[in-house]
Amino acid sequence: MFKQRRRVVVETPVEGTLFVSPNGSDDNDGKTIKTAFRTITGADRHVKPGYTVIVLRGTYIYPVSTRTDGQARKRILWKSAQASIVVPPGDVVVWNNIASFVDILGFRIAGGRVGLRNLGHKVTIVDCDFHDIGWRCTTEGGCGVYSGGQGCTIHGCSFSNIGVFDPDCKTYHGMVAAGAVVSDNAFERISGAPIKWL
């Protein structure tokens, strides 16, 4: 197992709170647990800078897309309350984030070819668990996290069972990152490199 150590604090925004639940509906307003959205993508259509989105306990079996930017002083926090996002193995990205100034906290993410693809800037990914990711051995490969944005942080995450465990397959990595700050992450059973720098 490979680890690094550092401390990262994620502050909870105070402008407003939205909820997501496996029992919710994207026709709801998301303002209470009883009127929660059903999908993270549905909540993303309503979230604003300075908001916290609490994703309630349960398993969400669909790919996620988040596009709404926060601001430097009004970040958006996507916070898991024991939520898992799981999709079947295949050529799919489990969570595709293109939003900047967001924090992604505490999710369990599994399946697909890439766990979380981040193209946003100033994004923080903290205390997430990426596991059982990998489809088939291709030159494109995959990873737990792909972070191509500028000024991002990946902290306190665990990466396990990433890749296709064939001696000749080294194209799946724990994370693939361009200039991100990475710290206190744990890597176990990665078929390629724990970290591949772009």
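Rules used throughout
- Residues numbered from 1 in each chain as written.
- Predicted model: local features only at pLDDT ≥ 70, side-chain atom pairs only at ≥ 80, totals over all residues.
- Heavy atoms only, no water.
- Helix = DSSP H or I, 4+ residues; strand = E, 2+ residues; numbered from the N terminus.
- Rg over C-alpha atoms; globule rule 2.2 N^0.38 Å.
- Buried < 20%, exposed > 50% of the residue type's maximum accessible area, 1.4 Å probe, protein only.
- Contact = heavy atoms within 4.5 Å.
- Pairing = 2+ DSSP bridges.
- Axes fitted to C-alpha atoms, helices over the stretch in contact; angles between N-to-C directions.
- Polar contact = N/O pair within 3.5 Å; in protein donor to acceptor, adjacent residues only side chain to side chain.

A. Summary view of the overall build of the chain. For the chain, the count of helices and strands is 1 helix and 20 strands. Its C-alpha radius of gyration of 16 Å places the chain within 12% of the 16 Å reference for a compact globule of 198 residues. Projected onto the principal axes, the alpha-carbon positions of the chain cover approximately 50 × 30 × 25 Å. When the 198 residues of the chain are sorted by exposure, 51% land in the buried category. For the chain, the share of sequence-separated contacts (at least 6 apart) that also reach a separation of at least 24 residues comes to 61%.

B. Inspection of the sheet that holds strand β14 (residues 142-147) at higher detail. Strand order in the open sheet made by the 6 strands is β5-β8-β11-β14-β17-β20, with parallel pairing throughout. The sheet terminates laterally at β5 (64-66) and β20 (195-197), the two strands that pair on one side only. In this sheet, adjacent strand axes meet at a mean angle of 15° when their direction is disregarded. With 3 bridges connecting them, strand β17 (residues 172-177) and β20 associate as parallel partners. If you follow Ala-177 over to β20, its bridge partner there is Trp-197.

C. Up close: the side chain of His-131. In this fold, His-131 is placed in strand β13 (residues 129-133). With a relative accessible area of 13%, His-131 lands in the buried category. For His-131, the side chain forms a polar contact with the side chain of Asp-132, separated by 2.8 Å. Excluding residues within four positions of it along the chain, His-131 makes contact with Arg-108, Ile-109, Ala-110, Gly-111, Ser-160, Asn-161 and Ile-162.

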